[in-house]
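# Residue-level structure breakdown
Spelled out, the chains give:
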Amino acid sequence: MGRKVTVATCALNQWALDFEGNLQRILKSIEIAKNRGARYRLGPELEICGYGCWDHYYESDTLLHSFQVLAALLESPVTQDIICDVGMPVMHRNVRYNCRVIFLNRKILLIRPKMALANEGNYRELRWFTPWSRSRHTEEYLLPRMIQDLTKQETAPFGDAVLATWDTCIGSEICEELWTPHSPHIDMGLDGVEIITNASGSHHVLRKANTRVDLVTMATSKNGGIYLLANQKGCDGDRLYYDGCAMIAMNGSVFAQGSQFSLDDVEVLTATLDLEDVRSYRAEISSRNLAASRASPYPRVKVDFALSCHEDLLAPVSEPIEWKYHSPEEEISLGPACWLWDFLRRSQQGGFLLPLSGGVDSAATACLVYSMCCQVCKSVRSGNQEVLADVRTIVNQISYTPQDPRDLCGRILTTCYMASKNSSQETCTRARELAQQIGSHHISLNIDPAVKAVTGIFSLVTGKSPLFTAHGGSSRENLALQNVQARIRMVLAYLFAQLSLWSRGIRGGLLVLGSANVDESLLGYLTKYDCSSADINPIGGISKTDLRAFVQFCIERFQLTALQSIVSAPATAELEPLADGQVSQTDEEDMGMTYAELSVYGKLRKVAKMGPYSMFCKLLGMWRHVCTPRQVADKVKWFFTKHSMNRHKMTTLTPAYHAENYSPEDNRFDLRPFLYNTSWPWQFRCIENQVLQLERAAPQSLDGVD
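Now for a description of the structure that goes with this document. Just so you know, these numbers come straight off a predicted model, no measurement behind them.

## Details of the overall build of the chain
Helix and strand counts for the chain come out as 23 helices and 20 strands. A compact globule built from 706 residues should have a C-alpha radius of gyration of about 27 Å, and the chain, at 29 Å, falls within 12% of that. With respect to the principal axes defined by its C-alpha atoms, the chain has extents near 90 × 75 × 45 Å. Every one of the 706 residues in the chain was classed for burial, and the buried ones make up 57%. Carbon and sulfur atoms provide 54% of the accessible area of the chain, an area that totals close to 29000 Å². Charged side chains in the chain number 71 positive and 77 negative. The centres of these two groups are separated by 3 Å.

See the structure below:
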């Protein structure tokens with residue numbers, strides 16, 4: 001009897017409710033798996049309908065169309081002679097479950113519902129699904145008639161069971177279950193399950209790939225066994241980017257690594273592994289074997305099929321590999337670039353328009369589009385026909401083949417420098433030089449006539465003319481005059497996005513890109529409905545610190561020397577009058593805090609879940625060498641005052657790529673109110689009392705602190 005098994009897992013760029021496209025990608029992945037000799041194929045979580053359907057899960061249409069796709073899969077000759085494991089929502093006794101449907105040769109073997117639902121951060125699975133709570137228990141599920149007609153089965157087993165083939169035993173985990181304190185793979189492994197599969201819908205966050213890899217390798221090093229992880233990839237129509245990283249591991253080592261970022265819609269990993277390696281690995285772990293002898297058995301679904309062949313002595317087996325990680329700067333250059341590509345091709349627009357100010361944020365956004373162009377050219381060079389077809393559709397040229405990223409950038413990115421009398425010559429030059437180096441179609445225009453027209457209407461109606469502080473005006477006048485410039489830039493950005501291609505005799509419109517970073521959003525250091533209001537924002541989940549490192553990376557990776565003067569210049573909004581031709585305003589001065597401090601506040605507020613008092617207590621220790629308790633208190637109060645005053649701006653935030661767990665994004669991720677008592681009287685009094693106690697108790701210990 002054979003003992004070497006070839007198994008396949010995949011990463012698919014599925015799209016919510018794109019049943020037609022999703023079906024084709026699933027079929028393609030099964031075909032590739034079969035061609036490579038695999039006898040089992042695992043796909044991502046909820047791959048049939050696309051993971052990010054959200055409230056569409058409430059609709060009977062979503063369930064109906066999922067079953068129609070399942071019927072098409074069962075019927076296809078491609079799915080013969082391979083165990084197929086697909087994800088879809090299933091309603092059982094009027095309760096909706098997130099399920100795996102496992103089938104072979106037009107017979108449904110098992111419907112396995114998810115037992116631990118993801119319900120924090122970006123996930124709301126408990127809103128739409130119910131976890132299956134009956135461990136090691138199955139029921140009969142009455143199949144819809146369209147499935148009965150194909151499978152000649154009235155019912156199929158539904159619940160927590162494993163598959164017993166002639167040569168091995170296979171068990172399913174679904175995404176979140178791997179992350180729980182007591183994962184199903186523990187009990188399955190103890191009950192003799194040798195192959196564990198995990199279908200995931202797991203999104204990208206900077207510096208997090210190692211967590212997933214560690215969980216999988218740890219699962220197989222403690223208990224032995226083979227572990228397959230499949231994942232969604234691409235944007236799925238939302239703020240998240242699902243970052244692939246499909247993998248196959250055995251006995252604590254990785255044997256196949258999928259890419260984290262790529263423009264391939266279908267990526268299949270296969271490995272040939274020896275089941276005897278699992279058995280011998282488990283044989284010598286006596287503590288595991290003692291626990292296994294007491295394990296409660298799982299219901300086994302007998303499958304008249306083998307994953308191995310009879311004569312496989314000479315079949316080569318896969319070798320372990322070292323997992324290769326991207327640096328954070330590489331992650332930034334690749335993740336948002338792939339996300340932008342999905343948005344561009346799926347929105348059927350002709351490219352992007354980016355207001356380019358000559359500062360770090362808009363420059364970083366321009367670099368992401370350039371990085372996207374590099375990815376597209378690389379993908380076309382490697383023979384990806386789908387990417388080539390999409391590019392030709394976007395630029396509306398049937399014979400175009402992108403080879404040079406600068407040439408492609410010139411066709412799909414329009415950059416626009418919108419000068420006012422408060423703009424310096426330096427920022428204008430920096431924007432122009434960067435545009436030249438990446439090859440974008442660059443426009444320079446002056447917004448002063450529009451600003452004058454708008455303020456002129458106000459003066460005509462009220463008889464009053466507001467002035468900047470520099471010219472003797474009040475802070476209210478000063479702020480209003482800054483904001484009107486910022487908002488006019490947004491109006492002009494949309495006008496040029498809709499008509500600039502038309503003016504050049506080219507078909508289509510452009511998506512407007514925003515470029516407010518996560519720290520500015522956290523503080524609300526942006527004008528509501530200014531040029532940060534856009535269609536999408538690829539840097540809205542990235543900190544200023546990381547963006548600076550990314551821009552530095554682009555100087556070396558893409559030889560964009562124009563970025564050097566941008567990254568070394570102080571960040572400024574350039575909305576106030578120049579002093580002797582020089583910038584008089586800087587962002588950090590305006591905000592009253594540094595970007596480095598902002599990142600710390602953001603992480604403590606969101607990730608560590610701290611209010612003003614807890615944050616003050618934590619920072620007393622963190623900053624004890626550089627700040628007195630009084631200075632820490634003042635900083636914390638200032639942050640919470642500004643954050644709560646501006647929280648309302650988060651309700652209009654441009655949908656942004658999610659890359660940081662301290663994102664203040666209001667719509668999905670950071671569910672907090674937007675009207676606060678901004679004086680925080682009770683909380684700030686607690687801080688004040690604590691400061692007074694500390695100052696009374698130990699004045700001598702504060703000597704020498706600036």
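## Details of the pairing of strand β13 (residues 247–250)
Of the two faces of β13, the one holding M247 and A249 and the one holding I248 and M250 are both buried throughout. Bridging between strand β11 (residues 226–234) and β13 involves four bridges; their strand directions are antiparallel. The partner of L228 across the bridge, within β13, is I248. With four bridges joining them, β13 and strand β14 (residues 253–257) adopt antiparallel strand pairing.

## Points about helix α11 (residues 385–395)
Given 3.6 residues per turn, any residue in an α-helix points the same way as the ones three and four places further on. V387, L388, V391, I394 and V395 are the residues of α11 that are buried. With its buried residues spanning 125 degrees around the axis, α11 presents them on a single face. Opposite its buried face, α11 presents the exposed residues Q385 and T393, each directed more than 90 degrees away. Along its buried surface, α11 packs onto α9 (328–347), α10 (360–381) and α12 (405–412). With a side-chain oxygen positioned 3.1 Å from the backbone nitrogen of E386, the residue opening α11 is N384. Within two residues after α11, N396 carries a phi angle of roughly 60 degrees, on the positive side.

## Structural notes on the side chain of E47
Mapping E47 onto the fold places it in the loop between β2 (40–42) and α2 (60–75). Note on E47: relative accessible area 0%, which makes it buried. Engagement of the side chain of E47 in a polar contact is seen with the side chain of R41, the distance being 2.7 Å. E47 has contacts with L12, Q14, N22, I26, R41, D85, V86, G87 and R100, leaving out every residue within four places of it along the chain.

## Digging into unusual backbone geometry
Even without glycine at this site, N94 takes up a positive phi of about 65 degrees. Locating N94 in the fold gives a position in the loop between β3 (83–92) and β4 (95–104). N94 sits in the exposed class, given a relative accessible area of 70%. The phi dihedral of C245 falls on the positive side, at around 55 degrees, and the residue is not glycine. Assessed through its relative accessible area of 4%, C245 is described here as buried.

Parameters at a glance
Residues numbered from 1 in each chain as written. Predicted model: local features only at pLDDT ≥ 70, side-chain atom pairs only at ≥ 80, totals over all residues. Heavy atoms only, no water. Helix = DSSP H or I, 4+ residues; strand = E, 2+ residues; numbered from the N terminus. Rg over C-alpha atoms; globule rule 2.2 N^0.38 Å. Buried < 20%, exposed > 50% of the residue type's maximum accessible area, 1.4 Å probe, protein only. Areas by Shrake-Rupley, 256 points an atom, 1.4 Å probe, with all protein chains shown as cover. Lys, Arg positive; Asp, Glu negative; His and termini not counted. Charge placed at Lys NZ, Arg CZ, Asp CG, Glu CD. Pairing = 2+ DSSP bridges. Arc of directions from axis to C-beta. Contact = heavy atoms within 4.5 Å. Polar contact = N/O pair within 3.5 Å; in protein donor to acceptor, adjacent residues only side chain to side chain.

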